[in-house]
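# Structural overview
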Amino acid sequence: MTPPPQSSSPSSSSSDEEVTRRLVPMWLDEAAGNDSPSAAEARRDWEQHRLSPDAARELSDWVTARVTDTAFNEDEGPDTGGAMRISVADKAAVHRWLAGQGYAV
């Protein structure tokens, strides 16, 4: 995959960018199964080092909805099986990165 957008804000740390780089491909793959044309457009934008405001908002919502490392027990929380592990800290990192890029989160 081509490199993700580069941070242009000093408030966006490299670790936030690393988390975002790790999670965006998962988001794009999942989005492709739900709305292929929008996901294809978001992937092209990501590969060109940008995201539309709508895509940024969808990424923000997606990472919030996919937090799997919670205090819930097995019966209460989201399914934590599989390769996609998203912590509350990951969600916060993506939100900080998006905000640092100028997106409303």
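Quick caveat, the model's predicted, so the values are computed rather than measured.

The next point concerns the overall build of the protein chain. Looking only at helices and strands, one finds 4 helices and 0 strands in the protein chain. Counted from the first residue to the last, the protein chain has its helices and strands arranged as α-α-α-α. In the protein chain, 64% of the contacts between residues at least 6 apart in sequence involve partners at least 24 apart. With the model as given, the accessible surface of the protein chain reaches about 6100 Å², and the carbon-plus-sulfur share is 49%.

For the structure shown, the criterion picks out 1 aromatic pair. Here W46 and W97 contribute two aromatic rings whose centre-to-centre distance is 5.9 Å and whose plane-to-plane angle is 65°, an arrangement assigned as edge-to-face. On the criterion of sequence distance, the pair formed by W46 in helix 2 (residues 36-47) and W97 in helix 4 (residues 88-100) is long-range, its members being 51 residues apart. Both residues of the pair, W46 and W97, belong to the buried class.

Before going further, it helps to examine the packing of helix 1 (residues 14-34) against helix 2. In contact at an axis separation of 7 Å, helix 1 and helix 2 are set at 155° when each is read in the N-to-C sense. The pairing of helix 1 with helix 2 is recorded here as roughly antiparallel in orientation. Like other packed secondary-structure pairs, helix 1 and helix 2 cross with a definite hand, here left-handed. On the side of helix 1, the interface is formed by T20, R21, V24, W27, L28, D29, A31, A32 and N34, while helix 2 contributes S36, A39, A42, R43 and W46. Here the contact of helix 1 with helix 2 is composed, by residue class, of 8 nonpolar, 3 polar and 3 charged.

The next subject is unusual backbone geometry. Even without being a glycine, H49 presents a positive backbone phi close to 65°. Assessed through its relative accessible area of 42%, H49 is described here as partly exposed.

Criteria and thresholds
Residues numbered from 1 in each chain as written. Predicted model: local features only at pLDDT ≥ 70, side-chain atom pairs only at ≥ 80, totals over all residues. Heavy atoms only, no water. Helix = DSSP H or I, 4+ residues; strand = E, 2+ residues; numbered from the N terminus. Contact = heavy atoms within 4.5 Å. Areas by Shrake-Rupley, 256 points an atom, 1.4 Å probe, with all protein chains shown as cover. Phe/Tyr/Trp six-rings, centres within 6.5 Å; stacked < 30°, edge-to-face > 60°. Buried < 20%, exposed > 50% of the residue type's maximum accessible area, 1.4 Å probe, protein only. Axes fitted to C-alpha atoms, helices over the stretch in contact; angles between N-to-C directions. Parallel < 35°, antiparallel > 145°, perpendicular 65-115°, else oblique. Left-handed = near helix turned anticlockwise from the far one by under 90°. Nonpolar A, V, L, I, M, F, W, Y, C, P; charged D, E, K, R; others polar.

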